[in-house]
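Below are the chains, spelled out letter by letter.
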4 protein chains.
Amino acid sequence: MERGLKIGMVGYKFMGKAHSYAYRALPIIFPNYPAPVMQIICGRNPLDLEEARTNWDWRLATTDWNDVVQRDDVDVVDICTPTDTHEAIAVAAMEQGKHVFCEKPLGLSESAARHMERVAQLTGVTHMIGFNYRFAPAVLLAKRLVEQQRLGRIYHFRAQFLQDWIVDPDFPLVWRLDRTIAGSGALGDLGSHLIDLAHFLIGDIASVTGVSKTFVSQRPLASKMAGLGGQSESSQQKGPVTVDDATVFLVQFVNGALGTFEATRFALGHRSTNFFEINGSAGSVRFDFERMNELSVYFQDDADDVQGFRRVLVTDPPHPYGGRWWPAGHGLGYDHTLVHELAEFVSAIEEGRSAHPNFTDGVKCQVVMEAVETSCQTGRWVTVDYGLSGE
Amino acid sequence: MERGLKIGMVGYKFMGKAHSYAYRALPIIFPNYPAPVMQIICGRNPLDLEEARTNWDWRLATTDWNDVVQRDDVDVVDICTPTDTHEAIAVAAMEQGKHVFCEKPLGLSESAARHMERVAQLTGVTHMIGFNYRFAPAVLLAKRLVEQQRLGRIYHFRAQFLQDWIVDPDFPLVWRLDRTIAGSGALGDLGSHLIDLAHFLIGDIASVTGVSKTFVSQRPLASKMAGLGGQSESSQQKGPVTVDDATVFLVQFVNGALGTFEATRFALGHRSTNFFEINGSAGSVRFDFERMNELSVYFQDDADDVQGFRRVLVTDPPHPYGGRWWPAGHGLGYDHTLVHELAEFVSAIEEGRSAHPNFTDGVKCQVVMEAVETSCQTGRWVTVDYGLSGE
Amino acid sequence: MERGLKIGMVGYKFMGKAHSYAYRALPIIFPNYPAPVMQIICGRNPLDLEEARTNWDWRLATTDWNDVVQRDDVDVVDICTPTDTHEAIAVAAMEQGKHVFCEKPLGLSESAARHMERVAQLTGVTHMIGFNYRFAPAVLLAKRLVEQQRLGRIYHFRAQFLQDWIVDPDFPLVWRLDRTIAGSGALGDLGSHLIDLAHFLIGDIASVTGVSKTFVSQRPLASKMAGLGGQSESSQQKGPVTVDDATVFLVQFVNGALGTFEATRFALGHRSTNFFEINGSAGSVRFDFERMNELSVYFQDDADDVQGFRRVLVTDPPHPYGGRWWPAGHGLGYDHTLVHELAEFVSAIEEGRSAHPNFTDGVKCQVVMEAVETSCQTGRWVTVDYGLSGE
Amino acid sequence: MERGLKIGMVGYKFMGKAHSYAYRALPIIFPNYPAPVMQIICGRNPLDLEEARTNWDWRLATTDWNDVVQRDDVDVVDICTPTDTHEAIAVAAMEQGKHVFCEKPLGLSESAARHMERVAQLTGVTHMIGFNYRFAPAVLLAKRLVEQQRLGRIYHFRAQFLQDWIVDPDFPLVWRLDRTIAGSGALGDLGSHLIDLAHFLIGDIASVTGVSKTFVSQRPLASKMAGLGGQSESSQQKGPVTVDDATVFLVQFVNGALGTFEATRFALGHRSTNFFEINGSAGSVRFDFERMNELSVYFQDDADDVQGFRRVLVTDPPHPYGGRWWPAGHGLGYDHTLVHELAEFVSAIEEGRSAHPNFTDGVKCQVVMEAVETSCQTGRWVTVDYGLSGE
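All values derive from a computational prediction rather than experimental measurement.

**A word on the overall build of chain A**
Counting its regular elements, chain A contains 10 helices and 17 strands. Taking 21 Å as the expected radius of gyration for a compact globule of 391 residues, we find that chain A reaches 21 Å, a close match to that expectation. In terms of overall dimensions, chain A has C-alpha extents of about 65 × 55 × 40 Å along its principal axes. Out of the 391 residues belonging to chain A, those deemed buried represent 62%.

Structure follows, in structure tokens:
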């Protein structure tokens, strides 16, 4: 008799593949819970879908997501599709009593996100959002240092998510550059991660002001669309880019700290620099996802002739997830953050507790994103009102 | 018969010592012009002053700066005093026909700076401001790459000047924390350098918005004041800090680039991180003054399997000032930027040409600083109006 | 009807877990061949074994490795046990016609290794040795640059494998410190990887001279033995350490290059620094496994003012294994080298070709190791004689 | 009445310029002793010499070094010439009662060095050798950590001096490539520094074994010779290179530590990497002269979740020479090591004490160098016998 949770996954490109990979890793690294069952995978192109099903070892496949959310043999719906479809799938799934994991950003808009969160609260299912960077051991070590007051009072948070995949003006107009599908550009795709990390590490945001730019306003239409990392093809015709290429903003946190944020797809040389630094009254930390196994840590109370940022390789047994993986010094990769993330989701369901980060965190992120967008339009500081009773 | 320019220097603490050091180095590294003569040094404390005069080998000393600006045996006045004294000394010196070098920021206010610049134009003397970071070879290499279009169209400029010398709330209320003497805090001391580098490397600024914080609002009064790097002493009594501990701001450049700026004295672990990065359509550069002999350089047209930031050690003969100093790989230090800076000043006078950066650059910096301060007060974007006809 | 190769794995601690993990990842990342079937796992402790079998999803378990090598439903034997057992298991398996993957070093001695290699040649099975670092994309990029003559004639190879897990003199006498089980210490465990990388990247070795040290000669006996990365327990009694704590040696390559090698478990701060650098007449590369997603690359023909080591993040589509995993900038971890390694093994079997590195490479490594040991005893340079006809 | 020591300097190319620079800096940074007087400079080419005299502000010039050593108005002879001239000048100067500073290596051979040291002992003058890297603040901090037992028992010392200025086979046959003038190549020029640092930081050497290579055996003759860093010119004719391009060697220290040394001029991308690392039972340090203001420091007793190499910027007041120069975070350059070095020399003379490092250190270095050369010829370990009674 199978005891594992039965997963139905919608989407099968970059994130679908990555989640499949993580589900297969789970029982080896987290044997404390029954291995999830990869029940059904859903996508629109039947041929590609069947190939994914076979290779990734899903039992069933379907081209209709309604089928996934309504099946009795599915406990969990995992949403790996473009942003515009999140709300409908998640709401339907939750109304069927399914636990839901949803990729970020939560919805196309703040109202969509709030809707999803309300349904989550009403239905009582376990819900989670894919802010995977929280699950890098180095980020969790930073969180520990903050929580244990080892950095003291926080003064500064500076965060950058820098990529360079669309600097070429002939790169085609893929769905991530279309506001009706993606909601926003660098802000929603990259800035959302920074905002979530800020919430996670520093706390609530009081107000924001920012500015957005679309440096390349027209691009060739995509004749064939691929997932992130794949090769999309360009056609001769051009169309307008309707999202931001870059958004930068300043933040005042409720606790008095100052934040600077930068999300851009126009930073040549940065394939995926997800960077933050925290400066407190007792110490500082620095993180760069391109060196995800390291956290730079500074303590002011070190002996006065040997003060300096320590390069901590976060692979020792005392570190977050330390001991679960390989011997010290044997680093992890991007996909390991997903293994940790799905382990949190699965264990929360098994233990009947809330998962973190969840749809509430998704709403909070979306609220800040919309405040940033408003400030970009008005040129003024915008007060952040999360409007969440349950916090 | 002595042919070198006769220098009168006002101020003898951190900057005074550093300038003395640089004057002595000049004839060895820049033998193309007559060695400047260290004629007279001026300061308020006669005992300390005489010690400085002897050790640093100045011919004469005086406690009255009026004496310096009026002497016939002085060609050049070099102002190394706190900001509140710059205007009076510089104007008096220029009116006496002296060439003037002035430390940054130019004046206590935009109007003071404009006054100084007007007098400079009227008197026709050679004038220069101490934005020394322009003279780091790595910064000059960045400038070269921008000018030669090797980075393409510029999209981003992100700049940080991070220090940590006043994080301790018991650090005393030295003059740099007093608005009436210093003009402003982190913005004027650190941000001014960033703004100048932005002008130098990217171009004119269209508008700004920012926010300032004073994290520690009361500090012990200083019973004994020392120069930067010295040990000031605290008394029991406290007084208010009247300048910003940190100022962060966003910038829109005239050429369409986005800028993020952060100046703070509350970033533990950063003794003096003067950092900037430029992202263009063809490449990127990164600089950190704590590793001042290096420039990180990325080119998009590198072969597709070996793209990455190069760590260029800027000590080769083809580099700015390459060949003047030591063999390749033998780095320079902070004071060498001052040697370069004073070499520019001396050679400009000898050649009868304008020096760079000069009081016009000082005014431009001050205009942006005041725009930032205005935006900090109003919470809105402020348009930058340099109001300079001669540009 | 199942088409995948049926695997029988002997050993279930650090390497057994890592291999299990990699087998599960294979069909997702390398769907071009049928997914291997995790048929049977073998270990000595029945309780621990059953736990491993369940969690890692092996079909069967046995405590007798003879059972594994003799079963008809096993195509491949994967040997993850301590060194002293390699020869017997591998030979028996090959004689049964099984393809064999064996962890490194190949055998307890050169003669054991040669025996294994002879049997491999006679039986015609596919054989491979676990020099996994060859499969880091950055190492493969280094290999490509060497092969394509992009580094020119090679002058220097310097290699270090630095760990620190036994610096504490109270760390117990685990099997890796016992010559009768492990063969040698730092030399066999760490130096063997460096020697293989040297063979892979530079070529054959002509002669060696070296010196070994055992810094801590007596250690507490281990009352409970764990795998690498686990927690072994110490007893009160002490016993002699019979392997080297550190071995350093010089190498003259057949092609005229000079090599310096250092393998140690006494380098505090280095959890697992597997470092090498190659200097050629046209360029240089540097690699450090602690930053395994990066290769530092220098080319002498770069423009003369921007020469410097490039930090290449080896995650782009043109890079080795590029495009198989995640988008550019999303790094890999230690276990991904094992996925690549097992993909090579599985595809070699499926294609009926030799795998690389194989037992011949294992012998070559062992020959150099024994030459180093001889030189440590005699204090003289020792000529390396691989004695392999088939090369 | 002048109180400073009167200097007579022989040699006026790279080192002569650097020493001149340092003498001029001395009174500003080390005002505790009377400023040395730059009395007379000596060189062979009268025109170039007069230019140097004027620019660097020496009072007198002469083309005959005998004149320098015999003058009454010279207290100190500073020898900055090629190695083959050291012995004659130094001995003559000491016999005239002059204090002598000599660039490294001390002499063309061990016997020359021993001769110089004997004369130094007999005459009782103050003597010093130009191992300037001892005077980098980061190196002195490493020394402090070793002496204060903060690294514990030392296990490993690995040292590399990597340059790349003669990789081009068309680079001309300058004097540094001629054994009769330079004594040896990479070993004497670069390895000597490493050996001295080993003596300084770790202690006496028991035995060595090594190997040398001359990768490019014939080069164009130099038609015009320049100092290091200058542009020498090539002629059509070729001549043999009579020194080593690279020498690597292993070392056993008296205290049981293992050393690996590498000196090469064939490491592309390394303009002047003077690197060492020390691993002890309590901690480790790493230094790279290309980042000379930094020392990487690791302590095993750091809290178990924040262990890692600290990047210590060695510019704080508690650091060696801290407080003498600029504020924290304002780095030093190559020439500052010379200022420190000459400050040691001048203050030793003024205080009537021995200077360090001195000719005894020079002899010890030369003894090790000759042992390395012997081992390169014999292929065996060579015991180091310093043969110095006075230690």
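**Overview of the interface of chain B and chain D**
Contact residues are listed per partner, giving 35 residues for chain B and 35 residues for chain D. Taken together, the elements giving at least two residues each to the side of chain B that touches chain D come down to helix 1 (14-29), helix 2 (46-56) and helix 9 (334-351) of chain B. With nine residues, the single largest contributor to the side of chain B that touches chain D is helix 1 of chain B.

**What about the relation of the copies chain A and chain C?**
Each of the two chain copies can be brought onto the other by rotation about an axis and movement along it. Here chain A sits on chain C after a turn of 180 degrees about the axis and a move of 0.0 Å along it, with an RMSD of 0.0 Å. Such values leave the two copies arranged in the relation of a two-fold axis. Among all C-alpha atoms of chain A, that of Gly333(A) lies closest to the rotation axis, at 2.1 Å.

**Things to note about the interface of chain A and chain C**
Each side of the interface is counted separately: chain A has 35 residues, and chain C has 34 residues. Among the secondary structure elements, those contributing two or more residues to the side of chain A that touches chain C are helix 1 (14-29), helix 2 (46-56) and helix 9 (334-351) of chain A. Looking at which element gives the most residues to the side of chain A that touches chain C, the answer is helix 1 of chain A, with nine residues. Residues of the side of chain A that touches chain C, tallied by class, amount to 17 nonpolar, 11 polar and seven charged.

**A short note on the packing of helix 6 (residues 137-147) of chain C against helix 8 (residues 186-201) of chain C**
All names here are of chain C. It is the contact of helix 6 with helix 8, at a shortest axis distance of 10 Å, that shows an interaxial angle of 35 degrees. Of the residues in helix 8, those in contact with Val139, Ala142, Lys143 and Val146 of helix 6 are Leu197, Phe200 and Leu201. Taken together, the residues of the contact of helix 6 with helix 8 sort by class into six nonpolar, no polar and one charged.

**Brief notes about the environment of Leu122(D)**
When you line up the elements, Leu122(D) lands in helix 5 (residues 110-123). Sequence separation between Leu122(D) and Val76(D) is 46 residues; the distance between their C-alpha atoms is 17 Å.

**Looking at the relation of the copies chain B and chain D**
Expressed as a screw operation, the relation of chain B to chain D combines 0.0 Å of axial shift with a rotation of 180 degrees, fitting to an RMSD of 0.0 Å. By residue overlap, the copies meet face to face through one surface: 100% of the interface positions of chain B are interface positions in chain D.

**Some points on helix 2 of chain B**
Turning to helix 2 of chain B, its buried residues are Ala52(B), Arg53(B) and Trp56(B). Down the axis of helix 2 of chain B, the sector holding all buried residues measures 100 degrees, keeping them to one side. Along helix 2 of chain B, exposed side chains directed more than 90 degrees from the buried face belong to Pro46(B) and Leu47(B). Where helix 2 of chain B is buried, its residues contact helix 1, strand 2 (37-42) and strand 3 (60-62) of chain B together with helix 1 (14-29) of chain D. Following helix 2 of chain B by one or two positions, Asp57(B) adopts a phi angle in the positive range, close to 70 degrees.

**Let's talk about the domain arrangement of chain A**
For an interface, size is often stated in terms of accessible area lost upon the parts coming together. Residues and elements named next belong to chain A. Per the domain assignment, the segments making up chain A are domain 1 (6-131) and domain 2 (133-356 + 365-375). Residue-level contacts link 32 residues of domain 1 with 34 residues of domain 2. For the side of domain 1 that touches domain 2, the secondary-structure elements that each account for two or more residues are helix 1, strand 5 (99-102), helix 5 (110-123) and strand 6 (127-129). Per-element accounting of the side of domain 1 that touches domain 2 gives the leading share, nine residues, to helix 1. The residue makeup of the side of domain 1 that touches domain 2, split by class, is 20 nonpolar, eight polar and four charged.

**Observations concerning unusual backbone geometry**
The omega torsion of the bond from His356(A) to Pro357(A) falls at -5 degrees, within 30 degrees of zero and hence cis. Note on placement: Pro357(A) falls in the loop between helix 9 and helix 10 (359-378). Note that the residue after Lys104(B), namely Pro105(B), is joined by a cis bond; omega there is -10 degrees. Within the secondary structure, Pro105(B) sits in the loop between strand 5 (99-102) and helix 5 (110-123). Backbone geometry at Gln149(B) places phi at a positive 60 degrees, although glycine is not the residue there. Tracing the backbone shows Gln149(B) in the loop between helix 6 (137-147) and strand 7 (154-162).

**Remarks on the pairing of strand 11 (residues 246-253) of chain D**
Looking along a regular strand, one sees the side chains alternate between the two faces of the sheet. Residue and element names in this part refer to chain D. Counting buried residues in strand 11 gives eight out of eight residues, a clear majority hidden from the surface. The alternating pattern of strand 11 places Ala246, Val248, Leu250 and Gln252 on one face and Thr247, Phe249, Val251 and Phe253 on the opposite face, and all of these are buried. Direction of pairing for strand 8 (residues 205-213) relative to strand 11: antiparallel, over a ladder of eight bridges. Counterpart to Val208 in the pairing with strand 11 is Val251.

**With respect to the confidence of the model for chain A**
Residues with a pLDDT of 70 or more make up 96% of chain A, whose mean pLDDT is 95. In the model output, the complex is listed with pTM 0.96 alongside ipTM 0.95.

**Observations concerning the packing of helix 8 (residues 186-201) of chain D against helix 10 (residues 359-378) of chain D**
Residues and elements named next belong to chain D. Between helix 8 and helix 10, the least distance of the axes is 9 Å, while the angle of their chain directions is 120 degrees. In terms of orientation, helix 8 lies oblique with respect to helix 10. In this structure, helix 8 meets helix 10 at a crossing whose hand is right-handed. Counted together, Leu187, Gly188, Gly191, Ser192, Ile195, Asp196 and His199 of helix 8 and Asp361, Lys364, Cys365, Val368, Met369 and Val372 of helix 10 form the full contact between these two elements. Classifying every residue of the contact of helix 8 with helix 10 gives six nonpolar, four polar and three charged.

**Side note on the sheet that holds strand 3 (residues 60-62) of chain A**
All names here are of chain A. With parallel pairing, six strands are arranged side by side in an open sheet as 3-2-1-4-5-6. At either end of the open sheet lies a strand with only one pairing partner, and these are strand 3 and strand 6. Averaged over all adjacent pairs, the angle separating strand axes in this sheet is 20 degrees, with direction ignored. Inspection of the sheet shows strand 5 paired to strand 6 by three bridges, in the parallel sense. Directly across from Cys102, in strand 6, lies its bridge partner Ile129. Sitting on the sheet, helix 1 touches strand 1 (6-10), strand 2 (37-42) and strand 4 (76-79), and the angle it makes with strand 1 is about 165 degrees.

**Looking at helix 6 (residues 137-147) of chain D**
Residue and element names in this part refer to chain D. Among all positions of helix 6, only Pro137, Ala138, Val139, Leu141, Ala142, Leu145 and Val146 are buried. Residues of helix 6 that are buried sit in contact with helix 8, strand 13 (273-280), strand 14 (283-288) and strand 15 (294-299). Count one or two residues on from helix 6 and you reach Gln149, which has phi positive near 60 degrees.

**With respect to the environment of Val208(A)**
Residue and element names in this part refer to chain A. Within the secondary structure layout, Val208 lies in strand 8 (residues 205-213). Judged by local crowding, Val208 falls into the buried class, with 25 C-beta atoms found within 10 Å. With sequence-adjacent residues up to four places away left out, Val208 is seen in contact with Phe249, Leu250, Val251, Val368, Ala371, Val372, Ser375, Trp381, Val382 and Val384.

**A short note on the sheet that holds strand 1 (residues 6-10) of chain B**
Residue and element names in this part refer to chain B. On the basis of which strands lie adjacent, the open sheet formed by six strands has the order 3-2-1-4-5-6 and parallel pairing. The sheet is open, and its two borders are formed by strand 3 and strand 6 (127-129), each paired with just one other strand. Averaged over neighbouring strand pairs, the angle between their axes works out to 20 degrees when direction is ignored. Along the sheet, helix 1 makes contact with strand 1, strand 2 and strand 4 (76-79), crossing strand 1 at roughly 165 degrees.

**So, the environment of Gly269(B)**
Considering the arrangement of structural elements, one finds Gly269(B) in the loop between strand 12 (258-264) and strand 13 (273-280). Classification of Gly269(B) as buried rests on a count of 26 C-beta atoms within 10 Å. The sequence separation of Gly269(B) and Val100(B) amounts to 169 residues, and the corresponding C-alpha distance is 36 Å. When neighbours within four sequence positions are excluded, Gly269(B) is seen to be in contact with Ser284(A), Tyr298(A), Phe309(A) and Asp164(B).

What counts, and where the lines are drawn
- Residues numbered from 1 in each chain as written.
- Chains lettered and ligands numbered in written order.
- Predicted model: local features only at pLDDT ≥ 70, side-chain atom pairs only at ≥ 80, totals over all residues.
- Helix = DSSP H or I, 4+ residues; strand = E, 2+ residues; numbered from the N terminus.
- Rg over C-alpha atoms; globule rule 2.2 N^0.38 Å.
- Buried ≥ 20, exposed ≤ 12 C-beta atoms within 10 Å, placed from the backbone.
- Contact = placed C-beta atoms within 7 Å.
- Least-squares fit on C-alpha atoms with pLDDT ≥ 70 in both.
- Nonpolar A, V, L, I, M, F, W, Y, C, P; charged D, E, K, R; others polar.
- Axes fitted to C-alpha atoms, helices over the stretch in contact; angles between N-to-C directions.
- Arc of directions from axis to C-beta.
- Domains from an automatic or database assignment.
- Pairing = 2+ DSSP bridges.
- pLDDT = per-residue confidence, 0-100.
- Parallel < 35°, antiparallel > 145°, perpendicular 65-115°, else oblique.
- Left-handed = near helix turned anticlockwise from the far one by under 90°.

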